[in-house]
Amino acid sequence: MASSVELKAVEKRFGTFEAVKAVSLAIEPGEFAVFVGPSGCGKSTLLRLIAGLEAPSKGSIHIGERDVTHVHPSQRGIAMVFQSYALYPHMSVAQNMAFGLEIRGMKREEIRAKVARAADILQLTELLDRKPRALSGGQRQRAAIGRAIVREPEVFLLDEPLSNLDAALRGQVRVELARLHARLGATMIYVTHDQVEAMTLAGKIVVMNGGRVEQVGAPLELYHRPANVFVAGFLGSPRMNFLEGSVKSVHARQVVVALASGPVLLSRDGAGLVVGERVTLGVRPEDFRVLSDGSLQRSVSGGAIGGAIEGRLVLAERLGAETLVHVGLDTTVLDTRSEAPVIVKIAGDLPAGAPGARLRLAIDPEKCHLFDSRGAAHRETAATEATAKLPVSA
Amino acid sequence: MYTNRAAGLAYVSPFLIGLALFLLFPFLASLGLSFTDYRLQDRWSDAHFVGASNYVEMLADVTFRKSLWTTLVYVLLTVPLKLAFALFIAFVLNFKLRGINFFRTAYYLPSILGGSVAIAVVWRYVYAGDGLINQALTLAGFATVNWLGDPSTALLTIILLRLWQFGSAMVVFLAGLQGIPQDLYEAAKLDGAGPWRTFSRVTLPLLTPVVFFNFIMQSVQAFQEFNGPYVVTGGGPIKSTYLLPLMIYEEAFKYFEVGYASAISWFLFVLIGVITAIAFRSQRYWVFYAQDRERAP
């Protein structure tokens, strides 16, 4: 059985520190929700509030139809997988899974059946008699999930469950988790700081920062329509490039932004923009194109050019199928957020790119993000949004 | 390789000399003496080898048997009570409370003071006929108890003196408790375990290595208790607090029977050794080590 989870204006203070600030959130039954954000953003605290391991300073928490704000953790119909797994080290895998059921007073045969079924789902049957110390990291992780499954909770809470696994295993377990969610159909709330896990697993991503929810939405929605600079920078790897500039002119379907390197034309509705306003232009690494310049021949395949910036090649990270090109801009004022170079992701290799070589980067007028001086995304009106912001294949 | 051998030896010599003079020599000498009829006032050369006769005599000695029995009762009561008490206080002091460090220090203080002769003297006054406890009993309207004069209560006062020194065991328990990850308590909470079940099924099993360590330490110390009976009761009344270490002392330095005292010492040494060995053997049935001792299957 899957239940909805709803938070109403939940706050959590530790002394004077506000870990969670007035968070309201609804998670649908059976949904896979991921809380993502940098360390200290309050995502784990929020999960612990739902689990009942912390009590909210204000607000209420609802699971299904019930207000569980003051309900004991064991009575909330939840199960939690801890980052450390928190398996009882002196108990075998089977005993770990059975412990909670024993306390509920469940009959021995029933416990055995449930443990066997969960073990079967997770391929733990061979390991049931082992102590946690005799398990590998991945096996411990499965045992911890098994302990959650036998409780048949309405909601699964997972606190960075993959962070103790090595990279290869993490990818594998990620897939297993997605399958498990599909199989159990339970509501899952998953906390991670890893945006790749968030993007791949989530039905709904909750991006948090500084105790606040920055944006809630489906992964691609957040990717294509970030609400602000934080979300834009957090989701996507490498992160979005930010270029400082100001609005030069506003037309019905066109906006011109003046960057230090020159004007950039954007195909968007400029409603709400004021000429002279400070803005930040956001361009994802894959949305730049390297233009032909001297020895660097890149075919310009389709797509209009809204403008271009120039710089020198600092570094090319060749990943095989793609290359991450770091470009140091001529005008450092362009990127006042940091002196970091602009990062461009191109398919294949960068031909003959020696450090110091000059590069021109074309900006696609369709694929720019625009943020006001407070970091909030400039939203187009509904009519133009539909056509302008759908993911466009180059 | 060791070019400064002489200098190195010079540096460690104070320790080596001390070890040889005050530990190794008495240790071996007492073993040798236990097979002789050596008396304290005798010259070494006057001692005669008497074989195992000291040991034979000891086993037939009514005083020794009573003393051994008293010692066993003392240890059997002291060690579990002290461990339980130390664990209880450690458990309480493990709560996150304001000013908890003050209480931790306060509860540890008796251990620093407790073993000393001065405290034993204080103890004698506290339990004396007109001592603090009897005065309190009188005030509360109860009849006074002849704590130190009654064979049935004298041992109790000696036991309490040792229980009062629970601090060192407590500190070790406290360290053990703090080594148990908070996550496990949270997992137990989510599993619905109440305080008692959490303690008995999670805390205690994970604490068994520390329980074991404290059990060994406390047993060894309890078998060697001397200050309490010597200062507070003098072994009486009617030898009801006459523990083996006190008997060893009196045989050697009151009756000058060093050979005989040495034999009792060695009996006590072997007894402690056997009990410790049994405890170590028993570990696999009740002590849980989180770190791997056996190979993973």
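Remember, it's a predicted structure, so these values are computed and weren't measured experimentally. (Residues numbered from 1 in each chain as written. Chains lettered and ligands numbered in written order. Predicted model: local features only at pLDDT ≥ 70, side-chain atom pairs only at ≥ 80, totals over all residues.)

Colleague: Talk me through the overall build of chain B; I want residue IDs and the actual numbers.
Modeller: Looking only at helices and strands, one finds 13 helices and zero strands in chain B. In chain B, the succession of helices and strands from N to C terminus is α-α-α-α-α-α-α-α-α-α-α-α-α. (Helix = DSSP H or I, 4+ residues; strand = E, 2+ residues; numbered from the N terminus.)

Colleague: Provide a residue-level description of the overall build of chain A, including the pertinent values.
Modeller: A tally of helices and strands in chain A yields nine helices and 20 strands. Burial statistics for chain A: of 394 residues in total, 42% are counted as buried. In chain A, once contacts between residues fewer than 6 apart in sequence are set aside, the share between residues at least 24 apart is 67%. (Buried ≥ 20, exposed ≤ 12 C-beta atoms within 10 Å, placed from the backbone. Contact = placed C-beta atoms within 7 Å.)

Colleague: Can you break down the sheet that holds strand β8 (residues 187–192) of chain A residue by residue, with the values?
Modeller: All names here are of chain A. Read from one edge of the open sheet, six strands run β6-β7-β8-β3-β9-β10, paired in mixed fashion. Whereas interior strands pair on both sides, the edge strands pair on one side only; in this sheet they are β6 (78–81) and β10 (212–217). Shown here is a sheet whose adjacent strand axes are inclined to one another by a mean of 15°, direction ignored. When β6 meets strand β7 (residues 155–159), the two strands line up parallel, connected through four bridges. The residue of β7 that forms the bridge with Ala79 is Phe156. The strands that helix α4 (residues 137–149) touches are β6 and β7; relative to β6, the one it contacts most, it runs at about 175°. (Pairing = 2+ DSSP bridges. Axes fitted to C-alpha atoms, helices over the stretch in contact; angles between N-to-C directions.)

Colleague: Describe in detail the nonpolar core, supporting the description with residues and values.
Modeller: The biggest cluster of nonpolar side chains holds 159 residues, and the ones touching the most others in it are Val34, Ile50, Leu157, Ile189 and Leu361 of chain A. The dominant element in this core, judged by the number of residues it contributes, is helix α3 (residues 62–93) of chain B, at eleven residues. Inspection of this core shows a minimum of three residues originating in each of domain 1 (5–232) and domain 2 (239–380) of chain A. What Leu361 of chain A contacts, discounting residues up to four positions off in sequence, is Phe288, Val290, Leu291, Ala308, Ile309, Val327, Val342 and Val344 of chain A. (Core = buried A, V, L, I, M, F, W, Y, C linked by C-beta atoms within 7 Å. Domains from an automatic or database assignment.)

Colleague: Let's hear about the sheet that holds strand β19 (residues 358–363) of chain A: which residues, and what values?
Modeller: Residue and element names in this part refer to chain A. One open sheet accounts for five strands, arranged β15-β19-β16-β17-β18; its pairing is antiparallel. Each having just a single partner strand, β15 (288–291) and β18 (342–347) make up the two edges of the open sheet. Mean inter-strand twist for the sheet, computed between neighbouring axes without regard to direction, equals 45°. In terms of strand pairing, β15 meets β19 through four bridges, oriented antiparallel. Among the inter-strand pairings, Leu291 is bridged to a residue of β19, identified as Arg360.

Colleague: Can you tell me about the interface of chain A and chain B, naming the residues and giving the values?
Modeller: Taken together, the contact between chain A and chain B spans 19 residues of the former and 19 residues of the latter. Sorting the residues of the side of chain A that touches chain B by element identifies β6 and α2 (93–103) of chain A as the ones contributing at least two each. Among the elements that take part in the side of chain A that touches chain B, α2 of chain A stands out by supplying three residues, more than any other. By residue class, the composition of the side of chain A that touches chain B is twelve nonpolar, four polar and three charged. (Nonpolar A, V, L, I, M, F, W, Y, C, P; charged D, E, K, R; others polar.)

Colleague: Got a sec to walk through the confidence of the model for chain B? Specific residues and values, please.
Modeller: Residue and element names in this part refer to chain B. Scored by pLDDT, chain B comes out at a mean of 87, with 96% of its residues at no less than 70. Confidence drops under a pLDDT of 50 for residues 293–297, and excluding neighbours within four residues, the segment shows three contacts in the predicted structure. If you check the scores for this complex, the pTM reads 0.80 and the ipTM reads 0.81. (pLDDT = per-residue confidence, 0-100.)

Colleague: Talk me through the packing of helix α1 (residues 5–33) of chain B against helix α13 (residues 258–286) of chain B; I want residue IDs and the actual numbers.
Modeller: Residues and elements named next belong to chain B. Running from N to C, α1 and α13 cross one another at 110°; their axes reach a closest spacing of 8 Å. Put simply, α1 runs roughly perpendicular to α13. For the crossing formed where α1 meets α13, the hand is left-handed. For the pair formed by α1 and α13, the contact residues are Ser30, Leu31 and Leu33 on the first element and Val258, Gly259, Ser262, Ser265 and Trp266 on the second. When the residues that make up the contact of α1 with α13 are grouped by side-chain class, the tally is four nonpolar, four polar and no charged. (Parallel < 35°, antiparallel > 145°, perpendicular 65-115°, else oblique. Left-handed = near helix turned anticlockwise from the far one by under 90°.)

Colleague: Any details on the environment of Lys8 of chain A? Residues and values, ideally.
Modeller: All names here are of chain A. Its place among the elements puts Lys8 in strand β1 (residues 5–14). Along the primary structure Lys8 and Gly59 are separated by 51 residues, whereas in three dimensions their C-alpha atoms are 5.5 Å apart. When neighbours within four sequence positions are excluded, Lys8 is seen to be in contact with Ser24, Gly59 and Ser60.

Colleague: Provide a residue-level description of the confidence of the model for chain A, including the pertinent values.
Modeller: Predicted coordinates in areas of low pLDDT are best not read in detail. Averaged over every residue, the pLDDT of chain A is 85; the share at 70 or more is 90%. The low-confidence segment residues 382–394 of chain A (pLDDT under 50) makes 15 contacts with residues lying over four places distant or belonging to another chain.

Colleague: Just give me the short version of the domain arrangement of chain A, but keep the residues and values in it.
Modeller: Many structure descriptions define interface size as the accessible area lost when the parts assemble. All names here are of chain A. By domain assignment, chain A separates into domain 1 (5–232) and domain 2 (239–380). One C-alpha centre belongs to domain 1, the other to domain 2, and the line joining them spans 38 Å. Counting residues at the interface gives six residues for domain 1, matched by nine residues for domain 2. Considering only residue class, the side of domain 1 that touches domain 2 consists of five nonpolar, one polar and no charged.

Colleague: Talk me through the packing of α3 of chain B against helix α8 (residues 167–178) of chain B; I want residue IDs and the actual numbers.
Modeller: Each pair of packed helices gets described by two things: the angle between the helix axes and the distance between those axes. Residues and elements named next belong to chain B. Packing of α3 against α8 leaves a shortest axis separation of 8 Å and a crossing angle of 50°. Classified by the interaxial angle, the pair formed by α3 and α8 is oblique. Taken as a pair, α3 and α8 cross one another with a handedness that is right-handed. Mapping the contact onto sequence places Lys82, Leu83, Ala86, Leu87, Ile89, Ala90, Phe91 and Leu93 in α3 and Ala169, Met170, Phe173, Leu174 and Leu177 in α8.

Colleague: Tell me about the environment of Leu291 of chain A, and name the residues and values.
Modeller: Mapped onto the elements, Leu291 of chain A comes out in strand β15. On the basis of neighbour count, Leu291 of chain A is assigned to the partly exposed category, with 17 C-beta atoms found within 10 Å.

Colleague: Can you lay out the pairing of strand β2 (residues 17–27) of chain A for me, pointing to particular residues and giving the numbers?
Modeller: Note that β1 of chain A and β2 of chain A share seven bridges and pair antiparallel. When the sheet's bridge partners are listed, Leu7 of chain A is paired in β2 of chain A with Leu25 of chain A.

Colleague: Give a description of the pairing of β1 of chain A that names residues and reports values.
Modeller: All names here are of chain A. Examined bridge by bridge, β1 and strand β4 (residues 58–63) share five bridges and lie antiparallel to one another. If you follow Lys8 over to β4, its bridge partner there is Ser60. Between the antiparallel neighbours β1 and β2 lie two residues, among them Gly15 with a positive phi of about 65°.

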